[in-house]
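A closer look at the structure
Each chain, written out:
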Amino acid sequence: MECRSKVINVRQRGEGRCSLVTDEVVSAVGDVLSKSSSESSSSSSGLALFFLLDPVEGASLSLNENSDPSVRSDLSKAALKVCPTDPMLRRLTFGSRSLVIPINSGRLSVGTWQGFYLCDWRETADGAASFTISVTVLTNPSAAVIQSTFQPPSRGFHSMRSIASSLLLKNQSKSSSSSSPSSSTSSTATSEVNDGLACVMVRHCSASMAFLEDNRALCDLERALSLLVPDKWSKWFEHNYEGWDDMPGHAKNALIGGPCVLVPITSDSHLVLSDMEDVGFGEHRDDWGRYGRSMSVTRLPGSFRGSDMIPMTTPPATASTSSTSSTSTTGGGGFKWGMEFSASSFNPKVSNGFVRLCGPNLSCFVVAQAGLNGQTMWKSLSLIHISEPTRLLRS
């Protein structure tokens, strides 16, 4: 597995609070892949992580419609209506500080109408601010992006656990059957893999993916989102010619935080989830599910192996607080760790969680298998780490 990172400066284009920056993002990923040690960057597959480094107060990233500019202005209207006074709350509510997107054969694997938004929710926003974004690319010769179609039976959230597992197992079986006896080195390397990552993604802008810690949330989450952004708001949205529930669906996509979720997988491609946890596909429209929704499951095997304790000198008080570690996985000394946890990871009764570790000198994402004892939570956090040597492009 190869990991490379690049830091870019992106300036908004004067379109208002939300700017479309797809060209800049695609160019950065291409630059990182071109430095890859593999023979051909055009055949690389894996995952790309985009992390907003500076400024973080009141800014967020989102993946939403790339065609009609009115979606961006309407999203600003919705954010200001839901959070009229607090820019940081708008940042936490609409979009996310990070996005994870699959890479398939050297290209970002997104839907036809999906584009990258850079949103500035600060009171001083002028639509022309400059932001620093870390772009990290993880590739693996064995990675695969499995595309499929899901037809949600109704509006609301639906379990994707069995569907994602089925696609992963089918891909693994296909890969195993296509392996020839002569490729003994590849087979041996694969057999030693203990775990990896799966990225489950919906390739539409009025639907979303969510990691849920309680199956009952499948029924309740869409109703809760409709309280924040009701369908009746479509009467004052400009983007309403595709249906009265379309623009509210775009806003709900941003509220969830993105179209992708990361889930750890075992060596036999099973999702590492507890009995109560699930991956939910959010259908935010009444009549669109019957056409089918394009989705993908990215399998990144061999990314992570085993688990180690990573010492931290100053345990942060909250998930958004940065601290300095005395140890770096690159051996280059300390750096700041910017952390984002799922909400469930602060519940001492929960055994699984996710953490992304990012900094100006290292930017990678790590899946956490948390052993929480309720007393020294941070000391007992066991991080599944990148075991193979990583190559980092710093710029």
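Our subject is the structure that appears above.
Residues numbered from 1 in each chain as written. Predicted model: local features only at pLDDT ≥ 70, side-chain atom pairs only at ≥ 80, totals over all residues. Heavy atoms only, no water.

**Some words on the pairing of strand S3 (residues 46-54)**
Heads up, the rule is: Exposed residues in this analysis have more than 50% of their type's maximum accessible area, buried residues have under 20%, and partly exposed residues fall in between, with area computed by a 1.4 Å probe over protein chains only. In this text, helices come from DSSP runs of H or I with a minimum length of four residues, and strands from runs of E with a minimum of two, each type numbered from the N-terminal end. If DSSP finds at least two bridges between two strands, the strands pair.
Counting buried positions over the nine residues of S3 gives seven, a clear majority of the element. Looking at chain direction, S3 and strand S8 (residues 130-139) are connected through eight bridges and run antiparallel. Paired with Gly 46 across the two strands is Thr 139, which belongs to S8.

**Describing the packing of aromatic side chains**
Selection criterion: Put simply, two rings from Phe, Tyr or Trp (the six-membered ring, in Trp's case) pair if the centres are within 6.5 Å, and we call them stacked under 30 degrees between planes, edge-to-face over 60, tilted for the rest.
For the coordinates displayed, the defined rule picks out six aromatic pairs. With centroids separated by 4.9 Å and ring planes inclined at 45 degrees, the aromatic side chains of Trp 236 and Phe 237 adopt a geometry described as tilted. According to the relative accessible area criterion, Trp 236 is partly exposed, its value standing at 30%. An aromatic cluster is present here, built from Trp 233, Trp 236 and Phe 237 joined pairwise through their rings.

**Thoughts on the pattern of salt bridges**
What counts is decided by this rule: Here, a salt bridge means any Lys or Arg side-chain nitrogen found within 4 Å of an Asp or Glu carboxyl oxygen.
Counting across every chain of the model gives 16 salt bridges. The closest approach of N and O atoms between Arg 155 and Glu 222, which form a salt bridge, is 3.1 Å. Here Glu 222 lies in helix H6 (residues 217-228) and Arg 155 lies in the loop between strand S9 (144-150) and strand S10 (156-159), a separation of 67 residues in the sequence. In this structure, the salt-bridge partner of Arg 155 is Asp 286, at a minimum N-O distance of 3.3 Å. Here Arg 155 is found in the loop between S9 and S10, whereas its partner Asp 286 is found in the loop between strand S14 (278-283) and strand S15 (293-301), with 131 residues between them in sequence. The partly exposed category is assigned to Asp 286, whose relative accessible area is 45%. Sharing partners across several salt bridges, the network here consists of Arg 155, Glu 222, Asp 231, Lys 252 and Asp 286.

**A look at the nonpolar core**
For soluble globular proteins, the rule of thumb is that nonpolar side chains tend to be buried together. Condition: Joining through side-chain atoms within 4.5 Å is the link that ties buried Ala, Val, Leu, Ile, Met, Phe, Trp, Tyr and Cys residues into a set, and such a set is a nonpolar core. In what follows, residue pairs with any heavy atoms lying within 4.5 Å of each other are defined as contacts.
Membership of the largest hydrophobic core comes to 38 residues, with the highest contact counts inside it found for Val 29, Phe 50, Leu 108, Phe 116 and Ile 133. Aside from chain neighbours lying at most four places away, what touches Phe 50 is Val 25, Val 29, Leu 61, Arg 97, Ser 98, Leu 99, Ile 101, Leu 108, Phe 116, Ile 133, Ser 134 and Val 135. Formed by 22 residues, the second largest nonpolar core is a distinct cluster that contains Tyr 117, Val 229, Met 247 and Ala 254.

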